[in-house]
Amino acid sequence: SDISTPRRVEVQPCNKVAYTHQADYPGESMHHAGGHRLAAMLAGAGEAFASAADRLTASFPPAVAAFLRLLLRAWGALSVPLLRGAVMLCMAMSVMVLAEKVLLGTASAAAKLLSRRRRPGRRDVPVEPDVEAGGGGGSSACFPMVLVQIPMYNEREVYQLSIGAACRLTWPAERLIVQVLDDSTDAAIKELVREECERWAGSGVDVRYEARTDRAGHKAGNLTEGMRHAYARGCEFVAIFDADFQPSPDFLARTVPLLLRDPGLALVQARWEFDECLLTRMQEMSMDYHFKVEQQAGSSLCSFFGYNGSAGVWRRQAIVESGGWDERTTAEDMDLALRAALLGWEFVYVGDVKVKSELPSSLGAYRSQQHRWSCGPALLFKKMLREIVAAERVPAWKKLYIVYNFFVTRRVVSTFFTFFFFSVLLPAKTLFPQVRIPTWQMVCVPTATTLLNSAGTPWRRSAHLVVPWVAFENAMALHRFKAILIGLFEAGRANEWIVTRKSGNGRPTPGAEGRRLKRRCRLHWLELLVGALLLASGCYDCVHGHGYFYLFALPQSIMYFAIGF
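Every chain's residues receive numbers from 1 upward, in the order its sequence appears when written. Reporting in this predicted model follows two pLDDT cut-offs: at least 70 for local features of residues, and 80 or more for side-chain atom pairs to be given and counted; totals over whole chains, interfaces and linings ignore these cut-offs and use all residues. In computing side-chain properties, one takes all heavy atoms of the structure into account and sets aside hydrogens as well as water.

Further remarks concern the confidence of the model for the protein. As a note on interpretation, predicted positions should not be read in detail where pLDDT is low. The quantity called pLDDT is the predictor's confidence in a given residue, expressed from 0 to 100. Here the protein averages 85 in pLDDT, while 82% of its residues score no lower than 70. In what follows, a contact means two residues having at least one pair of non-hydrogen atoms within 4.5 Å. Low pLDDT (under 50) marks residues 9-35, which in the prediction has 43 contacts with non-local residues, meaning those over four places away or in another chain. In this model, residues 507-514 is a region of pLDDT below 50 whose contacts with residues beyond four sequence positions or in other chains number five contacts.

This is the structure in C-alpha cells:
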C-alpha cells in the first residue's frame, strides 16, 4: 500500500490515536511499514481486549460488573501516564546513581595518585621503627596492649585457620591477647575450639577461650560480652576478625601505628581478599569496587565509611564513648561506625593491607548474607536519621554525605533502580510502544555505570565475566530491594541473623550434601515470576518488536531462572 500519506488508526476501546507515520513522531526509529503492522495489531488487540472484558464483566452480578468496568477504564486511562511517570522517575534515579559513581571514582583515583606521590616507590603502609623492629632489646613496654577478638559460631571448617593466624601475629607476647568468643551450639565443635586454644596457650600465646550460655544479640552480644572482662578493659586497641579471616603476621605492625600517630582516629580498616570460584569471582567484582572505590573515597572525602565488621582495628576508647556494640539491627558494625562518626571520630582505610577471607560459595549462603547486608543498613538508617541530622559535632556537608550518598543513593536508590528499570519497566515498555525511553537513559547511562562499577576489577582476568556479572547483579537487586523494604518497615525478618556457612579448606562437612539437596528443592517464586516476565517480553519483542530488547531480556531471564530454581 501507499505509505507516503500519513495515516492514523482509531483505537476505540481506549479512545486513543496511534500515529504510524514518521513525521507524526519525530525521531521514531520504527520503519513505516512496520509501524502500520504494529498499529493494526494494537488496534486489533485493543478491540479483542474490550470484547473479552465485556464478556468477563457480563458473567458477574451488576454491581461487580460495574466495578470491574470501572477498573478496566481506569487502567486504560492511567497505564500509559503511569509508565511515562516511571520513565521520568528512573531518569532522575539513573542520574543520581551515575553522579555518585563519578564522585566516588574521582575521589578514590585522586587519593591513590596523591598517595603515590607522597610515598614514591612504596606500596606498604609506613610503620614506626620500634614496631617494625618487633620489640627486640627489651623495648616491648612501648607497645600498646592489643586485644584480638575472634567471634565464631559452629565454625568446624575454619576455626584452626583463624586462631592460628591470630596467634602468629608479630607483636610482643606480653602485649597481645587473643580472645576466642565461641557461641557454638555444637558441643563437639566447642571442645575442638577449646583444645585448639589450649594448644596455642601452651606455646606461649595468651589465648583466652570465652563461651556464653546463650546467643543473645548474636555477634554484637558476643563482642560486648568479650569486652566486659577485666583483661579486655586494659587493652588500648581491639582488632576483630571473623572466623574465616587469616591476617598476615605483620597486620598489627602495619595498622596500629596509624592509630598511635593520630589520637582522633578511631578505626583502621584493611581490605579483604578471597579464594575464587565462579560464584565468588562475580562477588569479588562487586567487593573490589566496594573496597577500592567506596571505602577509599569515603576515607579520603570525609574520613567516614561503613566498618566492614572484620579485618579492622578499633581504638577501645571510641567503642566505649559510642556506647559499645548494639544488637538492634543486623548491621552492628555499621551501627557502631556511624555512632562513632557522629561523635567526631575519624576512620582511615588502608587498601595495601590485605586479609585473606572467604566469600559464600553457595547461592543460599550468599542470599542470606545479602539479606543481612541490605536489611540491616535500611533499618539502621530509619532508626538513626534524626540523630544524624541533629548531630552537633559533624559539619553539615558530612551529614549530607552520610544521608544522601552513603544511605539514600548508594543503598536505596541504586538497588531500586537496578531492579525496577531493567526487570520491570523495560519489559513493560515492549507492550506500550507509545512510551518512549531516551537512548541515553536506556544505553549510555547503564553502560557508563557498569564501567565505573567494574573500575576496581582487574580486566585481564575478569573481562569475560562482565556480562554474567551484570545479569547476576540485576537479578540479585530484587532480593536486596525486598530486604531493604523489610528493614524500612521492620517486617518479620528485619532482625533475622543466619551465620554464613564456611567451607574452609574445601573438605565437606558431614551431612552437608543432604542439606544441599534439601536446599535445591526450594524455589524462589519472585525470581521465577520476573524471569517469566522477561522471557515473555523478550520473545514478544523478538517476534513483533522493532528493537533489540530481546538481546538483553532473554539472557537476563536465564539468570533469573537459574537463581529461582
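What follows picks up the thread again.
We now examine the packing of helix α9 (residues 278-302) against helix α13 (residues 396-429). Two quantities define a packed helix pair, namely the angle between the helix axes and the distance between the axes. To obtain each axis, a line is fitted to C-alpha atoms, and for helices this fit is confined to the stretch in contact; angles are then taken between N-to-C directions over 0 to 180 degrees. For the purposes of this entry, the term helix denotes a DSSP run of H or I that reaches at least four residues, the term strand denotes a run of E that reaches at least two, and both are numbered from the N terminus. Two elements in contact, α9 and α13, have axes whose closest approach is 11 Å; the angle formed by their N-to-C orientations is 165 degrees. On the basis of the axis angle, α9 is roughly antiparallel to α13. Helix-helix and strand crossings are classified by hand; for α9 and α13 the assignment is right-handed. Note on element contacts: α13 touches α9 through W397, K398, Y401 and R410, opposite E294, G298, L301 and C302. Residues are grouped as follows: Ala, Val, Leu, Ile, Met, Phe, Trp, Tyr, Cys and Pro are nonpolar; Asp, Glu, Lys and Arg are charged; every other residue, Gly included, is polar. When the residues that make up the contact of α9 with α13 are grouped by side-chain class, the tally is four nonpolar, one polar and three charged. Roughly parallel covers angles under 35 degrees, roughly antiparallel covers those over 145, roughly perpendicular covers 65 to 115, and oblique covers all other angles. Note: crossing handedness is left-handed where the near helix turns anticlockwise from the far helix by less than a right angle, and right-handed where it turns clockwise.

Sheet strands associate in pairs through backbone hydrogen bonding, adopting either a parallel or an antiparallel arrangement. Spatial strand order, β5-β4-β3-β6-β8-β7-β9: seven strands in an open sheet with mixed pairing. With partners counted over all chains shown, the strands left at the sheet margins are β5 (207-211) and β9 (346-357), one partner each. Shown here is a sheet whose adjacent strand axes are inclined to one another by a mean of 20 degrees, direction ignored. When DSSP locates at least two bridges between a pair of strands, those strands are taken to pair. Bridge count between strand β7 (residues 265-274) and strand β8 (residues 312-315): three bridges; the pairing is antiparallel. Each residue of the ladder has a partner; that of V268, found in β8, is V313. This element, helix α4 (residues 159-167), spans β3 (146-152), β4 (176-182) and β5 of the sheet and lies at about 180 degrees to β3.

In the sheet, β4 pairs with β5 via five bridges, with the strands oriented parallel. Bridge pairing in β5 links L181 to E210. A crossover gets the label right-handed when its path from the first strand over the helix to the second runs clockwise, viewed with the strands pointing away from the viewer. At this point the chain moves from β4, through helix α5 (residues 187-201), to the parallel β5, and the crossover so formed is right-handed.

Turning to the nonpolar core, a few remarks are in order. Within the largest apolar cluster, 93 residues are counted, with the highest numbers of intra-cluster contacts made by V148, W314 and F347. Residues within four places of F347 in sequence aside, it is in contact with L265, A266, L267, S299, S303, F304, F305, W314, A337, A340 and A341. In terms of nonpolar packing, the next biggest core, distinct from the first, is built from 40 residues, L279, L426, I437 and L478 among them. By nonpolar core is meant a set of buried Ala, Val, Leu, Ile, Met, Phe, Trp, Tyr and Cys residues that side-chain atoms within 4.5 Å join together. Think of it in three bands: with a 1.4 Å probe and only protein chains considered, a residue is buried below 20% of the maximum accessible area for its type, exposed above 50%, and partly exposed in between.

What follows concerns the environment of V412. Within the secondary structure layout, V412 lies in helix α13. Considered as a pair, V412 and S374 are 38 residues apart in the sequence and their alpha carbons are 9.0 Å apart. Not counting the four nearest positions on each side in its chain, V412 is found in contact with F407 and I484.

Moving on: the packing of aromatic side chains. Centres within 6.5 Å are what make two rings of Phe, Tyr or Trp a pair, Trp counting through its six-membered ring; a difference in plane orientation under 30 degrees is then read as stacked, over 60 as edge-to-face, and the rest as tilted. Tallying each qualifying case throughout the model produces 23 aromatic pairs. Over the aromatic face of Y231 sits the side chain of R208, whose NZ or CZ is 4.3 Å from the ring centroid. A ring is considered to have a charge above it if a Lys NZ or an Arg CZ atom is located within 6 Å of its centre and within 35 degrees of its normal.

Here we take up the packing of α9 against helix α16 (residues 466-488). It is at 10 Å that the axes of α9 and α16 come closest, and there the two elements cross at 80 degrees. As the angle between them shows, α9 and α16 are arranged roughly perpendicular. Along its contact with α9, which presents L279, M282, M285 and S286, the element α16 presents V466, P468, W469, F472 and E473. Looking at the contact of α9 with α16 residue by residue, the classes come out as seven nonpolar, one polar and one charged.

Turning our attention to the UniProt feature "transmembrane region" (unreviewed entry) in the protein. UniProt positions are given in the numbering used here, feature names are shortened, and annotations may be inferred rather than shown by experiment. According to UniProt, the positions carrying the feature "transmembrane region" (unreviewed entry) are residues 412-432 and 523-540. Helix makes up 86% of residues 412-432 and strand 0%. Its end C-alpha atoms lie 28 Å apart.

On to helix α14 (residues 439-453), then. In this model α14 runs 20 Å from its N-terminal to its C-terminal C-alpha over 15 residues, within 8% of the 21 Å that 1.5 Å per residue would give. Among the residues making up α14, those that are buried are Q441, V445, P446, T449 and N453. To estimate the expected span of a helix, count its residues, drop one, and scale the result by 1.5 Å.

Let's shift gears to the environment of W314. With respect to the helices and strands, W314 occurs in strand β8. By relative accessible area, W314 is classed as buried at 0%. Separated by 74 residues in sequence, W314 and I240 place their C-alpha atoms 8.1 Å apart. Once you skip the residues sitting within four places of it in the chain, W314 turns out to touch E236, F237, V238, I240, A266, L267, Y307, I319, L336, A337, A340 and F347.

A few words on the pattern of salt bridges. A side chain of one charge can pair with a side chain of the opposite charge when the charged atoms of the two come close. The term salt bridge refers to a side-chain nitrogen of Lys or Arg lying within 4 Å of a carboxyl oxygen of Asp or Glu. Considering all chains together, one arrives at 17 salt bridges under this definition. Note that E196 and R199 form a salt bridge whose closest N and O atoms lie 2.9 Å from each other. Of this pair, E196 and R199 are both found in helix α5, three residues apart, which corresponds to roughly one turn of the helix. The class for E196 is buried, based on a relative accessible area of 6%. When the shortest N-O distance is used, the salt bridge between E527 and R367 registers 3.0 Å. On the criterion of sequence distance, the pair formed by E527 in helix α18 (residues 525-544) and R367 in helix α12 (residues 363-390) is long-range, its members being 160 residues apart. As far as burial versus exposure is concerned, E527 and R367 are alike and both buried. Within the structure, one salt-bridge network assembled from shared partners comprises D326, R328, D335 and R339.

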